[in-house]
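This is what each chain is made of:
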Amino acid sequence: MKKTDINQYVDQYTQSGNATGKAVGKAISRIVITIISLFFITLLIVGIFMVSFVMSLRDEKIDIDLHSLKLNYTSFIYVANEQGDQQEYKRLYGGESNRVWVDYQDIPQHMKNAMVAIEDKRFWEHGGVDWWRTIGAAGNLLSKGDSYGGSTITQQLIKNLTGENDVSITRKLKEIFRAENLEKNYSKEEILECYLNVVNFGSGCKGVQAAAHLYFGKDIKNCSLAECAAIAGITQNPYAYTPMIFPEKNKERQQTVLTAMYDQGKITEQEYNEAMTESENMQFVFADRQDANSNTSVHNWYIDTMIQDVVADLQSELGYGEKEAQDMIYYGGLKIYSAMDADTQNMAEQAVLNNRDIKSDSDMQCGVYMMQYDGRVLAIVGSRSEKQGNLWFNYATDALRSPGSSMKPLAAYAPAIDSGIISYSSLVQDQPIEGYFADGTAGPNNYDNRFRGTITVQNAIQQSYNPPAVRVFQQLGPKNVYNFLTKKLGFMNLVNGIDDSNLSVSIGGVHNGVTVKEMTAGYQIFGNGGQYNKPYTYYYVEDHNGNVILDNRNLISVQAVQSSTATVMQKLLTTVVTSGTGTSAAIPGWQIFGKTGTTDIDDNSYFVGGSPYAVMGVWTGYQNPSRLRNTNASKSVFRDIMAAYLNTKQLKQFEADSSVVSSLYCTSTGSLAGANCPSTATGWYAKNNMPSVCTLHQYYENFDNQQDTQESENNHSSQVSVEDESHNSQASADGDRNLSSVGQTE
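Counting starts from 1 at the beginning of each chain's written sequence and moves along it residue by residue. Totals for whole chains, interfaces and linings use all residues, but because this is a predicted model, local features are given only for residues with pLDDT of at least 70 and pairs of side-chain atoms are given and counted only at 80 or more. Hydrogens and waters are ignored; side-chain quantities use all the structure's heavy atoms.

1. Notes on the overall build of the protein chain
Here's step 1: In this text, helices come from DSSP runs of H or I with a minimum length of four residues, and strands from runs of E with a minimum of two, each type numbered from the N-terminal end. Of the regular secondary structure elements, the protein chain holds 24 helices and 16 strands.
Here's step 2: Each of the 746 residues in the protein chain was classed as buried or not, and the buried ones make up 50%.
Here's step 3: The contacts in the protein chain between residues at least 6 apart in sequence include a share of 68% that link residues at least 24 apart.
Here's step 4: In the form shown here, the protein chain has an accessible surface area of approximately 35300 Å², with 49% of it arising from carbon and sulfur atoms. Under the scheme applied here, a residue whose accessible area is under 20% of the maximum for its type counts as buried, over 50% as exposed, and between as partly exposed, the area being computed with a 1.4 Å probe on protein chains only. The contact criterion used throughout is that any non-hydrogen atoms of two residues lie within 4.5 Å. Where accessible areas are quoted, they stem from the Shrake-Rupley method and a 1.4 Å probe; at the residue level, only the protein chains shown are allowed to cover.

2. Considerations on the pattern of salt bridges
Here's step 1: The term salt bridge refers to a side-chain nitrogen of Lys or Arg lying within 4 Å of a carboxyl oxygen of Asp or Glu. What the rule picks out here adds up to 13 salt bridges.
Here's step 2: Here Lys251 and Glu280 are joined by a salt bridge, their closest N and O atoms 3.3 Å apart. Residue Lys251 is found in helix α9 (residues 247–263), and its partner Glu280 is found in helix α10 (residues 269–280); the two are separated by 29 residues along the sequence.
Here's step 3: On the accessibility criterion, Glu280 (44% relative accessible area) is partly exposed.
Here's step 4: Of the charged contacts, one joins Asp361 and Arg629 as a salt bridge, the two residues approaching to 2.5 Å between their closest N and O atoms. Of this pair, Asp361 sits in the loop between α14 (356–359) and β4 (364–371) while Arg629 sits in the loop between β14 (615–622) and α21 (633–646), and the two are 268 residues apart along the sequence.
Here's step 5: Overall, Arg629 belongs to the exposed group, its relative accessible area being 60%.
Here's step 6: Linked by salt bridges that have partners in common, Glu248, Lys251 and Glu280 make up one network.

3. What about unusual backbone geometry?
Here's step 1: Cis geometry marks the peptide bond from Gly443 to Pro444, where omega comes out at -5 degrees.
Here's step 2: Position of Pro444 relative to the elements: it lies in the loop between β6 (427–430) and β7 (453–456).
Here's step 3: A positive phi angle is found at Ser464, which is not glycine, with a value near 60 degrees.
Here's step 4: On the secondary structure map, Ser464 appears in the loop between α16 (457–462) and α17 (466–476).

4. Description of the packing of helix α2 (residues 109–119) against helix α8 (residues 225–232)
Here's step 1: Only the stretch in contact is used when fitting a helix axis, every axis being a line fitted to C-alpha atoms; angles between N-to-C directions are given from 0 to 180 degrees. Put simply, α2 and α8 touch, their axes get as near as 9 Å, and they point 40 degrees apart. By the criterion of interaxial angle, the relationship of α2 to α8 is oblique. The two elements α2 and α8 cross, and the hand of that crossing is right-handed. Here α2 contributes His110, Met111, Ala114, Met115 and Ile118 to the contact with α8, which in turn contributes Leu225, Cys228, Ala229, Ile231 and Ala232. Note on terminology: angles under 35 degrees are roughly parallel, angles over 145 are roughly antiparallel, angles of 65 to 115 are roughly perpendicular, and the others are oblique. Handedness of a helix crossing follows the sense of rotation of the near helix relative to the far helix, less than a right angle counterclockwise being left-handed and clockwise being right-handed.

5. Side note on the sheet that holds strand β13 (residues 604–610)
Here's step 1: Spatial strand order, β5-β4-β14-β13-β12: five strands in an open sheet with antiparallel pairing. Taken across any chain shown, the strands that pair with only one partner, and hence form the sheet edges, are β5 (377–381) and β12 (593–598). Within the sheet, the average angular offset between the axes of one strand and its neighbour, ignoring direction, is 10 degrees.
Here's step 2: In the packing of α21 onto the sheet, contacts are made with β4, β5, β12, β13 and β14, and the angle to β14 comes to roughly 145 degrees. In this analysis, strands are considered paired if DSSP registers two or more bridges between them.

6. Some thoughts on the side chain of Lys408
Here's step 1: Considering the arrangement of structural elements, one finds Lys408 in helix α15 (residues 408–418).
Here's step 2: Buried charged residue Lys408 carries no salt bridge. Nearest counter-charge: Asp430, at 8.5 Å.
Here's step 3: The term polar contact refers here to a pair of N or O atoms within 3.5 Å; inside protein, the definition further demands a hydrogen-donor-capable atom paired with an acceptor-capable atom, and it admits residues adjacent in sequence only when both atoms are side-chain atoms. In this structure the side chain of Lys408 is engaged in a polar contact, spanning 3.2 Å, whose partner is the backbone oxygen of Tyr465.
Here's step 4: In contact with Lys408, not counting residues within four places along its chain, are Tyr413, Ser464, Tyr465, Asn466, Ala469, Ser506 and Ile507. Positive: Lys, Arg. Negative: Asp, Glu. His and the chain ends are not part of the count.

7. As for a nonpolar patch on the surface
Here's step 1: Only residues above 30% relative accessible area that lack a salt bridge enter a patch, with like-charged residues linked at up to 9 Å and the nonpolar side chains Val, Leu, Ile, Met, Phe, Trp and Tyr linked at up to 5 Å. Taken together, the side chains of Val24, Ile28, Val32, Ile36, Phe39, Phe40 and Leu43 make up a nonpolar region of the molecular surface, amounting to roughly 660 Å² of accessible area.
Here's step 2: Mapped onto the fold, Ile28 is located in helix α1 (residues 3–56).

8. Things to note about α8
Here's step 1: The buried fraction of α8 is high, at eight of eight residues.
Here's step 2: All buried positions along α8 are accounted for by Leu225, Ala226, Glu227, Cys228, Ala229, Ala230, Ile231 and Ala232.
Here's step 3: Residues of α8 that are buried sit in contact with α2, α7 (208–216), α9 and α10.

9. Let's talk about the environment of Arg639
Here's step 1: By the secondary structure assignment, Arg639 is in helix α21.
Here's step 2: Between the alpha carbons of Arg639 and Ser584 there is a distance of 7.6 Å; along the sequence they are 55 residues apart.

10. Things to note about the sheet that holds strand β10 (residues 548–551)
Here's step 1: As summarised here, the arrangement of the five strands in space is β2-β1-β3-β9-β10, forming an open sheet in which the pairing is mixed. Every interior strand has two partners, whereas the edge strands, β2 (86–92) and β10, have only one. Here the average twist between neighbouring strands, direction ignored, is 20 degrees.
Here's step 2: Of the pairings in the sheet, the one linking strand β1 (residues 75–80) to β2 comprises six bridges and is antiparallel in character.

11. Some points on the packing of helix α11 (residues 301–318) against helix α12 (residues 322–331)
Here's step 1: With their axes 9 Å apart at the nearest point, α11 and α12 run at an angle of 130 degrees to one another. Classified by the angle their axes make, α11 and α12 are oblique. Pair α11 / α12 crosses with right-handed handedness. Between α11 and α12, the contacting residues are Ile307, Val310, Val311, Leu314 and Gln315 on the first element and Glu322, Ala325, Gln326, Met328, Ile329 and Tyr330 on the second.
Here's step 2: In the contact of α11 with α12, the residues fall into eight nonpolar, two polar and one charged. Residue polarity follows a fixed list, in which Ala, Val, Leu, Ile, Met, Phe, Trp, Tyr, Cys and Pro are nonpolar, Asp, Glu, Lys and Arg are charged, and the others, Gly among them, are polar.

12. Overview of the packing of aromatic side chains
Here's step 1: Between the rings of Phe, Tyr and Trp (Trp by its six-membered ring), a pair exists once the centres lie within 6.5 Å; its type follows the angle of the planes, with under 30 degrees stacked, over 60 edge-to-face, and the other angles tilted. Summed over the entire model, instances satisfying the criterion amount to 19 aromatic pairs.
Here's step 2: Here the aromatic rings of Tyr536 and Tyr539 are separated by 5.9 Å at their centres, their planes lie at 55 degrees, and the arrangement is tilted. Taken individually, Tyr536 and Tyr539 each receive the classification buried, so the pair is uniform in this respect.
Here's step 3: Only Lys NZ and Arg CZ are tested; either one counts as a charge over a ring when it is within 6 Å of the ring centre and within 35 degrees of the ring normal. In this arrangement the basic side chain of Lys188 is found over the ring face of Phe123, its NZ or CZ atom lying 4.4 Å from the centre.
Here's step 4: The ring of Tyr613 carries Lys649 above its face, with NZ or CZ at 5.8 Å from the centroid.

13. Things to note about the environment of Val368
Here's step 1: Relative to the helices and strands, Val368 resides in strand β4.
Here's step 2: We classify Val368 as buried; its relative accessible area is 1%.
Here's step 3: Distance in space between the C-alpha atoms of Val368 and Thr520 is 9.2 Å, their sequence separation being 152 residues.

14. Some points on the environment of Arg376
Here's step 1: Locating Arg376 in the fold gives a position in the loop between β4 and β5.
Here's step 2: Given the relative accessible area of 14%, Arg376 is considered buried.
Here's step 3: For Arg376 and Thr537, which are 161 residues apart along the polypeptide, the C-alpha to C-alpha distance reads 6.4 Å.
Here's step 4: One polar contact links Arg376 to Tyr539, side chain to side chain, over a distance of 3.2 Å.

15. Concerning the pairing of β10
Here's step 1: The pairing of strand β9 (residues 538–542) with β10 spans three bridges and is classified as antiparallel. Looking at the pairing, Glu542 lines up with Val548 of β10.
Here's step 2: Connecting β9 to the antiparallel partner β10 that follows it, the hairpin turn spans five residues, and Gly546 within it adopts a positive phi of roughly 90 degrees.

16. Observations regarding helix α20 (residues 563–579)
Here's step 1: Compared with an ideal rise of 1.5 Å per residue, which puts 17 residues at 24 Å, α20 spans 25 Å between its outermost C-alpha atoms and is within 8% of the ideal.
Here's step 2: Taking burial as the measure, the 17 residues of α20 include 14 buried ones, the bulk of the element. One less than the number of residues in a helix, times 1.5 Å, gives the span that helix is expected to have.

The following block contains the structure:
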């Protein structure tokens, strides 16, 4: 081949290769350009989103008025003495922790300078955010994986007021905008004043005044430079630097504060040296934080409940939010006139602590709620343990437990007597009910697994038999009972519908459980003519200007049942105490009514009852429900407290309704006793709900007499025919149960 031909071939190959390379290069370029374009588009979208998100936060602010936090009106609780005069009992101030507000001008300059020097040295220059510190904190985090505080005093104040402390970019951005907006609405002095009054200074202290009182036993205005530095140094870590636990750590920190103050020119060299010398020999006082007039003292169970009631009523009646209502208690200068009977409260607490049955079981818990028949709550005990803190869980007002058979008078017998379905001595069947349980089996059982057939209402209540109560409940109708309990008796924890419409409700099988408070308030109707009065723990509340803002002195009563029904039920429930399941609750010389209540596995034990002066409910059980080793404690606690209470009272009797009369009844038929009933007892009846007179035993007596006269067979047969017809007619009128009752008795 010629050289020229080879050159042509090479040129063609080279040209072809170059073309391919150019094509690949163009393709790669397009890919790179596409990737870069997508990256910048994505970056732009993300950027736009981020800018939009950040801009959406620019109006973030805290919904708290700093001026309202300055209120330092102490609230007072008053309790009546033995003469009935209201006397100061306790003072409430400073919120949930030990905090007492002190105005800006009463805070020493050393305290202000110490806080600014150690927490935010550019406080007076920035607009809420120190961007140099913020950028430095972010850089330190990225380079070293560690961070130092970049928050300003304004930002820290916001964190303290809102309680938001989660670690997230969103929270930090919100905090930044909130800080800038806060500084647009308040002066630096207002912000620093608020900060010094609300931040945590360890050992339960909120604010410099409370810290000065605790650590040095003086007002903050009287604290020295070194003492101010000791207080200021605590805020970075309130636990690690509290002098109550770590005095040496506090000394190191306070000297760091003094050094920062000197370096920043806030104190002279002489002041610095003197303060350092004092720091080396500092003496702390550690004043008693359980001052009787401080809200940090431990309230009794009653005062706890009363405070919660006032907070709830401020919300429901005056429209306050929960936080506002709580602030009113501790900052609003309220005067709360408590309904507590201080002597009875002390009696109740001591009775629970010293009760033999409770002391024998270290795990047993107890709840007690005691009130007068007009709704005034006399005493509350929320635990068997000695109270050592505030707002503890209260077994009398918070615990939802099954009331067992103590529910029977409320869910079955009282409304049934009120509607005329039954009377004191009506006959009821103590026999299992077909289909009672969900699997279709019959029930319920009695505590001894025996059944008595046809018995009287009085006997059923006295011995707490279960099937009779369920049968009465069936006649009333679940919906009617639910309405009665919730609309007439104030039950708040029942579940409407199928859960609390089942038959077991009549014997205490409620879905969520009920409180001792609800049960006690329900039982008041048996001692006060059938009236329901809402329980109240305070008479009235005044604001700091003396205006009455809450008032329980003229509450409207609800006529839950007729007065005659209340009298009949009180008589029935008295037999429980005199000769039934509640005999250990009896108090010699006094009329006492009541009803026991235990669950099928004995994990709850109730006794609810009353005297002519007061009504009380007692629950005993375990924190984690399990079978009780002693189910008698509820009755013995009731007896101990009520006996001590009645020991201070003059003897009196229950007032019976004038329309209720007593009469003998036949124990086998439930009818009013006839001339020859073999067994009778005294019953109590409303005049408009009297049973008929028993004639069955009279018939049999007449029949026997006719046999004795030896009259002719024809006359005798004719007489039998006539008497049988009369007998059957009466049986039909009284119900076929009468005949079965005679058969059962025989």
